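The chain contents come next:
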Amino acid sequence: MFEAVLLTVITAATPLLIAAVGELVVERSGVLNLGVEGMMIMGAVIGFAVANQTGSGSLGVVAAVVAGMAMSALFAFLVLFLVANQVATGLALTILGIGLSGMIGEAFIGVPGLDLPQLYIPVLSEIPFIGPVFFQQDALVYLSFALVAVVAYCLFRTRLGLVLRAVGDNHGSAHALGYSVLKVRFMAILFGGACAGLAGAYLSLAYTPQWVENMTAGRGWIALALVVFSSWLPLRVVVGAYLFGAVSVLNLHAQALEFDIPSQLLSSLPYLATIGVLVLISANRRLTLVNTPACLGKPFVPDR
Amino acid sequence: MRIELVKRKEHSRTMALLSPLIAVALTALSAAILFSITGHNPLIGLYKFFIEPLTQQWSLEATIDKATPLILIGCGLAVCYLSNNWNIGAEGQFVVGALFGSALPILFPSFENVITLPLMLLFGAIGGALWALIPALLKTRFNTNEILTSLMLVYVAGLLLDYLVRGPWRDPDGYNFPESRIFSDAATLPEVFGGAMSLSAPITIIIAIVLAIVLAKTLKGFEIRVMGESPRAGSFAGFSAKRLTLFSFAIAGALAGLAGTMEVSGALNQLLPSISPGYGFTAIIVAFLGRLNPIGIIIAGFVLALSYIGGEGVQSAMGVSNEIASVIQGLLLFFVLACDTLILYRIRMVSRRVPTGETSHV
């Protein structure tokens, strides 16, 4: 029982983790992209469609990443080149993504999907309990952890990360030092888009292998909240994602145990938990002020 | 050749008026391309989508019905956005307002008299305002990001509605269908102008005009605009950012809640598991297309309402997915935001050979 619960927690947490790590990089560069939900749902539908047409789950994943990047490029053009309001543009991206995905996905409603191949690590996967939980997952679960490790390393241990954080904390100084603020931000936004697309592909290819309209169901927004929860530190995103993964599968397991609680209350728990967590984190001024990128959401216009 | 943005010395008034029009034109162009890609005649598609709804009486009436909640919610959101409060949870405030407004006819169906309807509208506005005050209070008290909290409450509100219509508020004589009892006549918003529209339409227009005057002519309107553009300057004038956050959220919530109550009372006549085709989100587009000005929002509300009716039109006439409506709505917001750049910046073509350093300091 416990093993089964843990397995569902992992699958629920993985898309949140991938999307949140991507957005964390974007926000570290000083850009707030509220379009995670829209990029994610586009990744879900394109990933499913391509996997379905080609019969290859991997191709589907690649296509989803490209779709997420394409959406984020649109966002980048508006907020970086046209200096459009980041909040409103992110919302536009979400509205557009939900609409486009509905239109593309109409042909795929009710079509059975294909499962991503599971990656069984030999020997280790045969250990009781530990084996199935840690070493019998699909490739994307392992990838999500690799992603966190790489992002954490790059952000705090490499020159690239230093430049990225400099751009996010003080774009004026970074510009004066000769770094191209817009180029760094553009790359960060594309990375965020790729991650959101990947997270979407996980939903439609691994979490529930099918296409359902609006299947992201606010996960993109929860990923955004996770970035705040983590106070912009990659390792804390893992904690947050798994906490939220656990809350969101509570519904399934509580129903199996036949608690006398309305299912709608259980379904609303992830959203209520998000609010609760945001309050707890934000109330702690010291924690948030230290790590919040100082230029978050502020547009940069190079004076020529 | 390179394209460059050059900051204007001051806002361009012409562009402030032209930019929404350019955005609509670009959206129509994109819609034409979208029709072509999906294998339909773009001209017929555009006609069916944007023009035909205006040519028949029934579709014109349907457009007014859809425009009404969009305008009302959009007006409230404009107050929030002008004062730099990012309320994106109007969809939830709409739903909770509808729940508060419906409590009277559902729980006390025999309470039928002249004050039934005014009380419902009042409760609706209060319900929406209370729901909106949650993210506002969290923002002022705990410094919580209001974008995320207001959005999360949309999902909670939807689930609350679902719970009520499937559980305690289900119609006892309704054969177990997930819907509430049908409202009595006393709880139904009457139609006006010979049945052409619900009373909600004139109420909405009056509120929009009042709000336009408040924003343009009163101290409160000045406070809202100052705090949005320069909170520091505003605080020197003695305005409180926190109080304004609470105020703007309460207004937006009240208007969304009122819209929700008028929708269930006037259009649906009962509560259903889903009572809104995304009005709260579409109203965000309405607010921006209307340039956060109530009069502009009235026009923008009609444009977006057209996209709902037009979407249904192209679906039935040409077999295009009616999702095309939400794609077009999303594109419209993109173009509106992109064209707003023209108000502050001028686009200039720069020849590569000229060193940029010399041209900028003229």
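Residues numbered from 1 in each chain as written. Chains lettered and ligands numbered in written order. Predicted model: local features only at pLDDT ≥ 70, side-chain atom pairs only at ≥ 80, totals over all residues.

Asks: Even after reading the chapter, I still don't get the overall build of chain B, so can you show me in this structure?
Replies: Helix and strand counts for chain B stand at 14 helices and 4 strands. Its C-alpha atoms give chain B a radius of gyration of 22 Å, within 12% of the compact-globule value 21 Å for 362 residues. The principal-axis extent of the C-alpha atoms belonging to chain B is close to 80 × 60 × 35 Å. Within chain B, buried positions represent 50% of all 362 residues. For chain B, restricting intrachain contacts to residue pairs at least 6 apart in sequence, the fraction spanning at least 24 positions comes to 77%. (Helix = DSSP H or I, 4+ residues; strand = E, 2+ residues; numbered from the N terminus. Rg over C-alpha atoms; globule rule 2.2 N^0.38 Å. Buried ≥ 20, exposed ≤ 12 C-beta atoms within 10 Å, placed from the backbone. Contact = placed C-beta atoms within 7 Å.)

Asks: Sorry, what's going on with the nonpolar core here?
Replies: Generally speaking, soluble globular proteins have nonpolar side chains that are buried together. Ala20(A), Leu226(A) and Ile73(B) are the most contacted members of the largest nonpolar core, which has 216 residues in total. The biggest single contributor to this core is helix H9 (residues 181-207) of chain A, with 18 residues. If we ignore the near neighbours within four places in the chain, the residues touching Ile73(B) are Ala90(B), Phe94(B), Leu255(B), Ala256(B), Ala259(B), Tyr279(B), Gly280(B) and Ala283(B). (Core = buried A, V, L, I, M, F, W, Y, C linked by C-beta atoms within 7 Å.)

Asks: Before we go on, may I ask you to explain the packing of helix H3 (residues 57-82) of chain B against helix H11 (residues 279-289) of chain B in this structure?
Replies: Packed helices, taken two at a time, are described by their axes: the angle between them and the distance between them. Residues and elements named next belong to chain B. Contact pair H3 / H11: the axes reach a minimum separation of 8 Å and the direction vectors enclose 65 degrees. As for the relative orientation of H3 and H11, their crossing is right-handed in sense. Contact with H3, carried on its side by Pro69, Leu70, Ile71, Ile73, Gly74, Leu77, Ala78 and Tyr81, involves Tyr279, Gly280, Thr282, Ala283, Ile284, Val286 and Ala287 of H11 and no other residues of that element. Considered class by class, the residues forming the contact of H3 with H11 number 12 nonpolar, 3 polar and no charged. (Axes fitted to C-alpha atoms, helices over the stretch in contact; angles between N-to-C directions. Left-handed = near helix turned anticlockwise from the far one by under 90°. Nonpolar A, V, L, I, M, F, W, Y, C, P; charged D, E, K, R; others polar.)

Asks: Teacher, can you tell me more about helix H4 (residues 86-105) of chain A here?
Replies: Because an α-helix packs 3.6 residues into every turn, residues spaced three or four apart end up facing the same way. Here H4(A) is 20 residues long and its end C-alpha atoms lie 28 Å apart, about the 28 Å a rise of 1.5 Å per residue gives. In terms of burial, H4(A) is a largely internal element, 18 of the 20 residues being buried. (Expected span 1.5 Å × (residues − 1).)

Asks: I keep staring at the environment of Leu117(B) and nothing clicks. Help me out?
Replies: Residue and element names in this part refer to chain B. Mapped onto the fold, leucine 117 is located in helix H5 (residues 116-142). Each C-alpha atom, one on leucine 117 and one on glutamate 61, is 23 Å from the other, the two residues being 56 residues apart in sequence. Ignoring any residue separated from it by four or fewer positions in sequence, one finds leucine 117 in contact with Ala186, Ala187 and Leu189.

Asks: Teacher, can you tell me more about the pairing of strand E4 (residues 345-350) of chain B here?
Replies: If a strand is regular, its side chains alternate between the two faces of the sheet. All names here are of chain B. In terms of burial, E4 is largely open, as just 0 of its 6 residues are buried. Bridge count between strand E1 (residues 2-7) and E4: 6 bridges; the pairing is antiparallel. Bridge pairing in E4 places leucine 5 opposite isoleucine 347. (Pairing = 2+ DSSP bridges.)

Asks: What is the right way to read the environment of Trp169(B) from this model?
Replies: All names here are of chain B. Counting through the fold element by element, tryptophan 169 comes out in the loop between helix H6 (146-166) and strand E2 (191-192). We classify tryptophan 169 as buried; it has 20 C-beta atoms within 10 Å. C-alpha separation for the pair tryptophan 169 and arginine 181, spaced 12 residues apart in sequence, amounts to 8.0 Å. Dropping the residues within four chain positions of it, tryptophan 169 is found in contact with Ile106, Leu164, Ser180 and Leu271.

Asks: What should I look at first to understand the environment of Thr204(B) in this one?
Replies: Residue and element names in this part refer to chain B. One can find threonine 204 in helix H7 (residues 200-217). In this structure, the C-alpha to C-alpha distance between threonine 204 and leucine 292, residues 88 residues apart in sequence, is 16 Å. Apart from the residues within four sequence positions on either side, threonine 204 is in contact with Thr68, Ile71 and Leu72.

Asks: What is the right way to look at the packing of H4(A) against helix H13 (residues 324-344) of chain B in this model?
Replies: Remark: H4(A) packs on H13(B), axes separated minimally by 7 Å, with the N-to-C direction vectors making an angle of 155 degrees. Considered as vectors, H4(A) and H13(B) are oriented roughly antiparallel to each other. Between H4(A) and H13(B) the crossing geometry is left-handed. In this structure, H4(A) contributes Ala88(A), Thr89(A), Ala92(A), Ile95(A), Leu96(A), Ile98(A), Gly99(A), Leu100(A), Gly102(A) and Met103(A) to the contact, and H13(B) contributes Ile324(B), Ser326(B), Val327(B), Gln329(B), Gly330(B), Leu331(B), Leu333(B), Phe334(B) and Leu337(B). (Parallel < 35°, antiparallel > 145°, perpendicular 65-115°, else oblique.)

Asks: What am I meant to see in the interface of chain B and chain A here?
Replies: Where interface size is quoted, it is often the accessible area lost as the parts come together. Across the contact, 37 residues belong to chain B and 38 residues belong to chain A. Every element with two or more residues in the side of chain B that touches chain A is listed here: H5, H6, H11 and H13 of chain B. Looking at the side of chain B that touches chain A, the element that brings in the most residues is H13(B), giving 12 residues. Counted by class, the side of chain B that touches chain A contains 22 nonpolar, 12 polar and 3 charged residues.

Remember that the coordinates give geometry; whether it matters functionally is a separate question.
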